[in-house]
Amino acid sequence: MTTTRARSRYCIRPKAIALVGGIPLWWSLHGLSIAAVAQTPARAESSWLPPVLKTDATLKQPLPDRSPSPLPVPPPRVVPKDSALDPRWNLYQLGSGDTIFIQVEPPFQNLSFQSTLSPEGTIVVPLAGTLNLENLSANEAAAAIRVQLDRFVVNPVVSVTLLAQRPAQATVTGEVLRPGFYPLPANTTPSAAILAAGGATLDADLRQVLVRRTLPDGSTLQRQIDLYTPLREGVAVPEFNLQDGDTVVVAQRQTDFDAEYDRDFIDTLTLTSPPQFPLEITIVGEVARPGFYPVSASPPPDVAQAILAAGGTRVTANLRQVVVRRTLIDGSTIEETIDLFTPLLEGTPLPDFRLEDGDVVVVPTLDIADREEYDRQLAARSTLAQQQIRVRLLSYASGGGRGSADGAFNILNLPNTSTLLDAIQGVPLSQADLDSVAVIRFDEELGRAITQEFDVKEAMRGDPTQNTLLQDNDVIVVNRNTIAKVSYILNTVTQPFRDVLGFLLFFDRLQRSAENLFGP
């Protein structure tokens with residue numbers, strides 16, 4: 001019983017004690033309790049020892065240095081490229097602003113306390129004073145506190161609990177709307193950090209989100225996570241909590257023809273930011289209005305939408321071999337051929353080919369050799385085709401139009417797939433020379449006008465070769481004498497037309513001077 005009382009009352013470890021029986025007792029050196037000394041004969045002669053410990057001034061010799069040695073710093077370790085399985089990902093390191101609870105087990109429970117790490121990463125430990133816990137885990141912090149308390153009490157049992165985690169300062173960069181540094185709440189995941197940066201752009205590859213973490217020893221952990229596939233398959237996203245100083249990098253998607261990356265699905269995710277600017281698409285070739293077109297990026301446009309933005313295809317377009325040219329990040333160019341005609345012929349859906357910013361869509365011209373196997377009437381009736389064409393009709397068989405009293409020059413807006421017979425319905429057939437009606441068409445490749453003559457009488461009898469399919473900007477000339485004069489003028493032009501605009505301006509000037517040109 002005496003021993004028990006002595007243990008419970010005198011279990012504080014003194015730095016030093018007075019001489020007992022003429023022998024100095026270095027309790028702090030040997031770890032002896034007062035109860036253990038009480039069992040020796042020397043202790044029996046010293047029953048006068050008061051419970052209050054004496055100071056170091058009563059010692060005849062200086063105390064040995066009991067301050068804890070600094071913790072060893074491990075050498076930097078080479079970390080593999082993807083260290084997702086490294087257990088240090090789950091290791092939280094204390095820092096300024098963290099609130100912890102230090103619990104000391106009985107009989108020293110009065111030494112338990114709660115503290116918040118200062119801006120320098122320190123706390124004040126009872127008896128021991130200031131202690132730096134920066135970049136230590138909870139277990140490492142408990143061990144450091146135990147070492148300090150062990151200078152004053154015998155074998156303390158210490159545990160550290162994280163009560164409140166400090167906000168994390170993380171860097172979010174790459175294909176996000178607003179790259180930069182962001183203060184994030186505790187327990188923030190990489191996807192939440194991407195949302196804090198405004199969301200991923202349409203050029204982001206959510207299959208390659210990289211998280212980097214620098215450890216106190218200078219080594220770097222690197223982990224790549226896939227946010228796309230789990231969302232696509234409806235499974236849990238393999239995420240974890242970010243820590244202060246982490247960097248989240250959203251990779252740029254390779255703009256190749258990757259059919260496995262569904263941009264329509266990406267566009268519906270809350271993780272993706274709304275597009276801020278339209279896509280710039282170039283459409284050239286056999287379309288009504290070739291040029292550069294800003295197209296809405298949400299939803300991502302397909303080839304058919306781009307063609308319609310350019311006014312639709314011409315009758316001479318070859319929808320079997322529409323080409324999409326794309327420039328990659330490294331500056332190289334790739335091409336993909338899209339067949340839009342076969343789905344029209346077979347009644348199947350059009351290819352769902354999504355365009356990227358900077359794509360060039362080329363609608364080629366149908367070769368003459370391929371026209372027999374190509375249903376131009378079907379292509380012209382489709383929604384991909386130009387809905388209306390503009391045709392100029394110069395007729396000396398009728399009067400009252402633009403020009404002189406002897407001739408009429410009219411601009412006709414006709415539905416696509418209109419033929420020569422459709423265009424001359426308003427011409428007095430009894431006064432027209434129907435044996436030779438000319439259709440003048442500008443050939444952009446040759447840079448000059450091409451004239452073809454058709455027998456309208458044979459076309460009325462059902463000959464399809466004489467009832468040609470009209471194209472946009474065609475010029476129809478009725479009256480043989482007029483044909484001869486127009487052909488003469490075209491043949492005497494010293495320079496070819498530069499483009500279709502010059503070709504049309506020629507006929508505009510022609511109608512203004514029709515009286516002098518076609519008069520008797």
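Predicted, not measured: the structure shown is a model, and the values here were computed from it.

Cut-offs and rules
- Residues numbered from 1 in each chain as written.
- Predicted model: local features only at pLDDT ≥ 70, side-chain atom pairs only at ≥ 80, totals over all residues.
- Heavy atoms only, no water.
- Helix = DSSP H or I, 4+ residues; strand = E, 2+ residues; numbered from the N terminus.
- Buried < 20%, exposed > 50% of the residue type's maximum accessible area, 1.4 Å probe, protein only.
- Areas by Shrake-Rupley, 256 points an atom, 1.4 Å probe, with all protein chains shown as cover.
- Pairing = 2+ DSSP bridges.
- Axes fitted to C-alpha atoms, helices over the stretch in contact; angles between N-to-C directions.
- Salt bridge = Lys/Arg side-chain N within 4 Å of Asp/Glu carboxyl O.
- Phe/Tyr/Trp six-rings, centres within 6.5 Å; stacked < 30°, edge-to-face > 60°.

Of regular secondary structure, the protein chain possesses 16 helices and 20 strands. The buried share among the 520 residues of the protein chain stands at 44%. With the model as given, the accessible surface of the protein chain reaches about 27,500 Å², and the carbon-plus-sulfur share is 52%.

This next bit is on the sheet that holds strand β1 (residues 99–104). Strand order in the open sheet made by the three strands is β2-β1-β5, with antiparallel pairing throughout. Both edges of this open sheet fall to β2 (113–116) and β5 (158–164), since each of them pairs with a single strand only. If you compare each strand with its neighbour and ignore which way they point, the axes differ by 25 degrees on average. The pairing of β1 with β5 spans six bridges and is antiparallel.

Tallying each qualifying case throughout the model produces 13 salt bridges. Residue Arg 166 is joined to Asp 244 by a salt bridge in which the shortest nitrogen-to-oxygen separation is 4.0 Å. With Arg 166 in the loop between β5 and β6 (168–174) and Asp 244 in the loop between α7 (228–233) and β10 (247–252), this pair connects stretches of sequence that are 78 residues apart. What makes Arg 166 buried here is its relative accessible area of 11%. Put simply, Asp 98, Arg 166 and Asp 244 are held in one network by salt bridges that share partners.

The geometry of an aromatic ring pair is captured by the separation of the ring centres together with the interplanar angle, meaning the angle of the planes. Under the counting rule described, the total for this entry stands at three aromatic pairs. Aromatic side chains Trp 89 and Phe 240 sit 5.2 Å apart centroid to centroid with 55 degrees between the ring planes, which places their arrangement in the tilted category. Of this pair, Trp 89 sits in the loop between α4 (41–44) and β1 while Phe 240 sits in the loop between α7 and β10; the two residues are 151 residues apart in sequence, bridging distant segments of the chain. Trp 89 gets classed as buried once you look at its relative accessible area, which sits at 4%.

Nothing here speaks to function; it is all geometry.
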